[in-house]
Amino acid sequence: AVVSTQSTGEFFGIKKERELAVYIPDGDSAAGIDCFTSTKLKIHNFLQDPRSSRFAAVWHGFDITFICISIAFLIFESEPKFKKQFTDRNETYFWYLFIVNCIIMGFFTFDFTIRLLTWPRPIDFWKNFFNVLDFLSILPFYVGLIANGIGDGSEESMDNKQAYVVLRVCRIFRIVRIFKFIRHSRDLLIIMKAVSNAKRELVLLVCLLFIFVITFGSIMYYIESAHNKDFDSIMRSCWWVIVTITTVGYGDMYPESAPGKLFGGFVLTLGIVFLALPMTIIVSKFSFVYEREKM
């Protein structure tokens, strides 16, 4: 019998409800597969599908737990009253938090490394969206360790402006850890693929929005700029158009003249219709793809 496998090079690898990440043959089907390859496929299946065994379910449970703790660390580190506990080595809880963070990042690194080594086709590993996210989520930790080796690791001590910028950019990548949740939810994976399949409609929406905003932003600028200092450029007028047609209405700027108010009401009414037309196409396409993938 021929060994049957799912394509693992897809950008969004979505499996059916009863399918495993990789089918592992046994008996006569495994006649052409050596022990090393069979073990490699089993480990890959273990890491990709929590339904493959109870231990796999426990492993994925630890992964979700560590993701939650990591995100909690990211949030609390931004709080002024907790920030020093994460950055100042002389604080009471710094080393406890640092050890917990090392354990979490060690788990993520081990998981990432084993995925890389056991991927059926290594060349396709980096084509998978979630593998790239995994790499970006652990990169800031090791960049931070290097920064700690140079100084005390705090932003205030970074005399080298280039090193400071690199550290800040890498810390931004910690945000992608929240997307690791998507790997553990098939419904979220389906939503991601549905959005990907509707990219032509989304591009159409963006193009129409660009034309609408530039056109009506320019008109509002010429109507209001003479006596309203808020509309002192076309860019700021375009900002007002975006806020208006999305019905957000911050109130930070608004037309004051009678022609401006009249035109503003026209933009608001037309904007609602403008957004509704392409959105119906996108929602229809999304519903079709979502139902197809759930079958």
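Residues numbered from 1 in each chain as written. Predicted model: local features only at pLDDT ≥ 70, side-chain atom pairs only at ≥ 80, totals over all residues. Heavy atoms only, no water.

*Asks:* Break down the overall build of the chain for me, citing the residues and quoting the values.
*Replies:* Helix and strand content of the chain: ten helices and zero strands. Along the chain, from the amino end to the carboxyl end, the secondary structure elements read α-α-α-α-α-α-α-α-α-α. Taking the contacts inside the chain whose residues are at least 6 apart along the sequence as the reference set, 64% of them involve residues at least 24 apart. If you sum the accessible surface of the chain, you get close to 17800 Å²; carbon and sulfur atoms cover 68% of it. (Helix = DSSP H or I, 4+ residues; strand = E, 2+ residues; numbered from the N terminus. Contact = heavy atoms within 4.5 Å. Areas by Shrake-Rupley, 256 points an atom, 1.4 Å probe, with all protein chains shown as cover.)

*Asks:* Any chance you could break down the environment of Ile245 for me, citing the residues and the numbers?
*Replies:* With respect to the helices, strands and loops of the structure, Ile245 is situated in helix α9 (residues 234-245). Residues Ile245 and Val267, 22 residues apart in the sequence, show an inter-C-alpha distance of 6.9 Å. The residues touching Ile245, leaving out its near neighbours within four places in the chain, are Leu209, Phe212, Val213, Val267, Gly271 and Leu275.

*Asks:* Could you give an account of the pattern of salt bridges, with specific residues and numbers?
*Replies:* Two side chains that carry opposite charge are able to pair once their charged atoms sit near each other. The full count for this structure, using the stated rule, is seven salt bridges. Glu77 is paired through a salt bridge with Arg174; the nearest N and O atoms lie 2.9 Å apart. On the criterion of sequence distance, the pair formed by Glu77 in helix α2 (residues 54-77) and Arg174 in the loop between α6 (161-172) and α7 (186-197) is long-range, its members being 97 residues apart. You'll find Glu77 and Arg174 in the same group, each marked buried. Asp134 is the salt-bridge partner of Lys180, the closest N and O atoms lying 2.9 Å from each other. Linking Lys180 in the loop between α6 and α7 with Asp134 in helix α5 (residues 129-150), this pair joins segments that are 46 residues apart in sequence. Each member of the pair, Lys180 as well as Asp134, is classed as buried. (Salt bridge = Lys/Arg side-chain N within 4 Å of Asp/Glu carboxyl O. Buried < 20%, exposed > 50% of the residue type's maximum accessible area, 1.4 Å probe, protein only.)

*Asks:* Hey, could you go over the nonpolar core for me, with residue numbers and the actual values?
*Replies:* Of all hydrophobic cores here, the largest spans 16 residues; its most connected members are Met105 and Phe108. When contributions to this core are tallied by element, the ones reaching two or more residues are α1 (35-48), α2, α4 (94-118) and α5. Dropping the residues within four chain positions of it, Met105 is found in contact with Ser137, Ile138, Phe141, Tyr142 and Arg177. Among the nonpolar cores identified, the runner-up in size contains 13 residues, and Val213, Phe216, Met220 and Ile245 belong to it. (Core = buried A, V, L, I, M, F, W, Y, C linked by side-chain atoms within 4.5 Å.)

*Asks:* Any chance you could break down α2 for me, citing the residues and the numbers?
*Replies:* For α2, which comprises 24 residues, the first-to-last C-alpha distance of 35 Å matches the rise-based estimate of 34 Å (1.5 Å per residue) to within 8%. Among the residues making up α2, those that are buried are Ala56, Trp59, His60, Asp63, Phe66, Ile67, Ser70, Ile71, Phe73 and Glu77. Structurally, α2 contributes buried residues whose contacts are with α1, α3 (80-87) and α4. (Expected span 1.5 Å × (residues − 1).)

*Asks:* I'd like a description of the side chain of Arg177, backed by residues and values.
*Replies:* As for its placement among the helices and strands, Arg177 is situated in the loop between α6 and α7. Look at Arg177: it is buried, it has no salt bridge, and the nearest opposite charge is Glu77 at 7.3 Å. Dropping the residues within four chain positions of it, Arg177 is found in contact with Ile67, Ser70, Met105 and Ser137. (Lys, Arg positive; Asp, Glu negative; His and termini not counted.)

*Asks:* Explain the packing of aromatic side chains residue by residue, including any values.
*Replies:* Within the structure shown, the criterion is met by 29 aromatic pairs. Considering the side-chain rings of Phe129 and Phe130, the 5.3 Å spacing of their centres and the 75° angle between planes classify their relative orientation as edge-to-face. For the ring pair Phe212 and Phe274, a centre distance of 4.8 Å and an interplane angle of 25° mean the geometry is stacked. Of this pair, Phe212 sits in helix α8 (residues 199-224) while Phe274 is found in helix α10 (residues 258-294), placing the two residues 62 residues apart along the sequence. Three or more aromatic residues link up through ring pairs in this structure, and these residues are Phe46, Phe55, Trp59, Phe62, Phe66, Phe107, Phe108 and Phe110. Its guanidinium or amino end placed over the ring of Phe108, Lys180 lies 4.6 Å from that ring's centre, counting from NZ or CZ. (Phe/Tyr/Trp six-rings, centres within 6.5 Å; stacked < 30°, edge-to-face > 60°. Lys NZ or Arg CZ within 6 Å of the ring centre and 35° of its normal.)

*Asks:* Mind laying out the packing of α1 against α4, listing which residues take part and the relevant values?
*Replies:* Their axes nearest at 9 Å, the elements α1 and α4 cross at an angle of 135°. Judged by the inter-axis angle, α1 sits oblique to α4. Crossing angle aside, the handedness with which α1 passes α4 is left-handed. When α1 is examined against α4, the residues Lys40, Ile43, His44, Leu47 and Gln48 are found in contact with a partner set consisting of Asp111, Ile114, Arg115, Leu117 and Thr118. (Axes fitted to C-alpha atoms, helices over the stretch in contact; angles between N-to-C directions. Parallel < 35°, antiparallel > 145°, perpendicular 65-115°, else oblique. Left-handed = near helix turned anticlockwise from the far one by under 90°.)

*Asks:* Please give an account of the confidence of the model for the chain that cites residues and values.
*Replies:* Per-residue confidence for the chain averages 80 on the pLDDT scale, and 81% of its residues sit at or above 70. Below a pLDDT of 50 lies the segment residues 1-20, which in the model reaches 50 contacts outside its immediate sequence neighbourhood of four places, other chains included. Here residues 27-31 scores under 50 on pLDDT; set against residues more than four positions off or in separate chains, the count is three contacts. (pLDDT = per-residue confidence, 0-100.)

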